[in-house]
Every structure is written in C-alpha cells, then in structure tokens.
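Structural description and commentary
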Amino acid sequence: MTNHIEIFEVGPRDGLQNEARNIPVSEKIALVDCLSQAGFSRIEMASFVSPKWVPQMASSAEVLAGIKRAKGVSYAALTPNLRGFEDALAARADEVAIFGSASEGFSRANINATIAESLARFVPVMQAAKEAGIRVRGYISCVTDCPYDGSVAPAQVAHVADQLFKMGCYEVSLGDTIGQGTPETVSAMLSAVSDVVPVQQMAGHFHDTAGRALENIDASIEAGVRVFDAAVGGLGGCPYAPGAAGNVATELAHDHLIKQGYDTGLNRDVLTKAADMSRAMRG
Ligand code: HMG
Ligand code: MG
C-alpha cells in the first residue's frame, strides 16, 4: 500500500463560492498563484454555473486567464451542463467536474433537477469532454446526510456512483456536504460504493461542520481511499446546503496525515501562507 495521500485543493472553488463579499479577481488570482507553489497536482478554482445561482463564481474565466499556470498542476472547473463545459473549455480549464447528488432534495435545490434528470444532463457533457480530450471528475453530494431529506441510504449513493463511473468519470468524489457523517455512516457508504467503483478511483470530500472530518478521513483511509478534497483555511460551504460549514482545512488534513506517517508532497510554509490569504479574503 502506497504511503502517499493526495490532497485535492478545492478552496478557490468550494471555499470562495460561498463568500458573501464580492472578491476581486486579483485576490482570487493571487490565492491560486500561491497554491500553485504548494505542490498540489490538482486545484479546483473555477465554476461555470449560472451567475444568478452563484454570483461569486461569475469571474471564473477571468481568473483562469489571469493565473500563472504551474507545470504539473491541473486547474479544474465545475461544469453543470454543456453550456458550462463549453465555457470551461474556452477558458482553458485542464479538467472539469460534473456534480450530482445522492438525495433528491439536494439535487432539486442545488441544480434544479431530479437525480435522473441530472444524470441525463451529464451525458452530453461527457461526450463533449471525450471529444475534447478533457478528463471529467464526478461529485456526489449528500453521501450520508441531506439537509432536506435526512439520512441517505448507502445503496442510493452507490446507484449514482455507478452511473457516474459508467459514464466515464475518472474519479468519483464522495461529498459529506453538510458535515454530518460519522466514521460509521461513512464506512457503510464506502462499502456500498466499492461494489461499483474501484477504491483507487474514489475521493473523500468532507465538510467539517460537526468537527468530524478528520475522523471520517481516517475511516476512508481504512477503506482504502487515498484522495481527499480540502480547502485552505477551511473556507467554504455550499450556498444550497443550509448550515454547511467549510471543507476540512487543507493544513489541518495535511498535519493529520503527516502525523500518521503519510506523505502529501505539500510544502507546509506555502500552505500557511495560502491559509492566511484565504482567511483575509473572508467578508
Ligand atoms: P436552471 O435554472 O434549471 O437552468 O439552472 P436553465 O437551463 O433553465 O438556465 C437558467 C438560467 O441560467 C438561464 O439564464 C441560463 O442561460 C443560465 P437566464 O435566461 O435566466 O438569464 N445558465 C447558465 N449560465 C452560465 N453558465 C451555465 C449556465 N447554465 C444555465 N453553465 C443550473 C440549472 C445547473 C444552471 C443551476 O441550477 C446552477 O447553476 N446551479 C449551480 C449550483 C452550484 O454551483 N452549487 C454549488 C456547487 S456544488 C457543491 O458545492 C457541492 C460539492 O462541493 C460537493 C459537496 O460538498 O457535496 C461539489
Ligand atoms: Mg463541497
């Protein structure tokens, strides 16, 4: 078993999307440029969604145009539909992500579609991405708990994961959107998903609302997961998930993993600098 665990930095997207203050493009670019020096291989920093739904992300193309692209870093963007994919391609995102939900309530609130409708909407995105040679990650929200529907059955998560994987997503990121998962519910969910997606192609995406994200990371490591999404400074939340706090802080996850003898390949001094920058950007 490899000793390496990858942290996928999502702060400039999942973190900033929820900030009320209209953050200037120059500040967003400065944060991404700083993160580019930390040693990440993937940084999610753009989202081509409706600006009416998430105004903060309306500057995504400008941010992509302004960053200094570091060698070996893949700059990622969320794309809810074909229009978003075309915009991401024009802005030269290196990879994109489609995002669905394991619960109907959150699917409706977040992307205005049932789960089945959202999966149908992703098909043309996958087709266009294949033609353009762009790889696609798949997110599933509410993998243990939903702010609208309550607890979510592992079989329901496995159903959506199966569909995303069969569609061609290279990795399925499993989101505890409102940070209510426990090591028990996370383990049960991972066990169901591992029947349909190889564990090497799963990622954990834990929001830290109840302060249990690190325990949930440990439970996921136990199940064989080796990629975790995190946001510097613990930025974020989801505008359509009431009560959702930020993602687990990158620096916290990093220190926790190092203490357990894992290697993340990240530069701690740069993480500290980026975390300070991200906190200063908060409204
Ligand atoms: P809709 O209203 O059903 O779609 O929204 P529509 O096709 O009827 O379009 C409505 C308007 O949006 C139209 O404009 C479209 O042109 C425009 P209008 O005629 O009203 O002026 N539009 C777009 N504009 C820019 N880019 C686009 C685009 N598509 C349509 N791509 C839609 C459906 C999916 C667009 C909307 O619901 C939406 O944008 N939702 C995004 C919500 C979001 O970004 N949430 C946060 C990200 S997910 C998350 O944080 C969870 C995650 O971190 C994992 C976890 O923690 O669980 C990933
Ligand atoms: Mg999230």
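Please refer to the structure higher up on the page.
Residues numbered from 1 in each chain as written. Chains lettered and ligands numbered in written order. Predicted model: local features only at pLDDT ≥ 70, side-chain atom pairs only at ≥ 80, totals over all residues. Heavy atoms only, no water.

A word on the site of ligand 1. The full set close to ligand 1 counts 26 residues, and Q17, K52, N112, S141 and T177 are the nearest of them. A distance of 3.0 Å separates an oxygen atom of ligand 1 from a polar atom in the side chain of D14. The contact in question runs from a nitrogen atom of ligand 1 to an N or O atom on the backbone of V49, over 3.3 Å. At the level of elements, α1 (11-15), α4 (82-90), α5 (104-111) and β5 (135-141) are the ones that each hand at least two residues to the shell around ligand 1. Tallied by class, residues from the shell around ligand 1 come to 11 nonpolar, 10 polar and five charged. (Near = heavy atom within 4 Å. Polar contact = N/O pair within 3.5 Å; in protein donor to acceptor, adjacent residues only side chain to side chain. Helix = DSSP H or I, 4+ residues; strand = E, 2+ residues; numbered from the N terminus. Nonpolar A, V, L, I, M, F, W, Y, C, P; charged D, E, K, R; others polar.)

Okay, the pattern of salt bridges next. With the rule as written, the count across this model stands at 17 salt bridges. Among the salt bridges present, the one from D94 reaches R69, with a minimum N-O distance of 3.6 Å. Here D94, found in the loop between α4 and β4 (95-101), pairs with R69, found in the loop between α3 (60-66) and β3 (74-78); they are 25 residues apart in sequence, far enough to count as distant. A relative accessible area of 28% means that R69 is categorised as partly exposed. One salt bridge in this structure joins R137 and D229, with 2.8 Å as the shortest N-O distance. (Salt bridge = Lys/Arg side-chain N within 4 Å of Asp/Glu carboxyl O. Buried < 20%, exposed > 50% of the residue type's maximum accessible area, 1.4 Å probe, protein only.)

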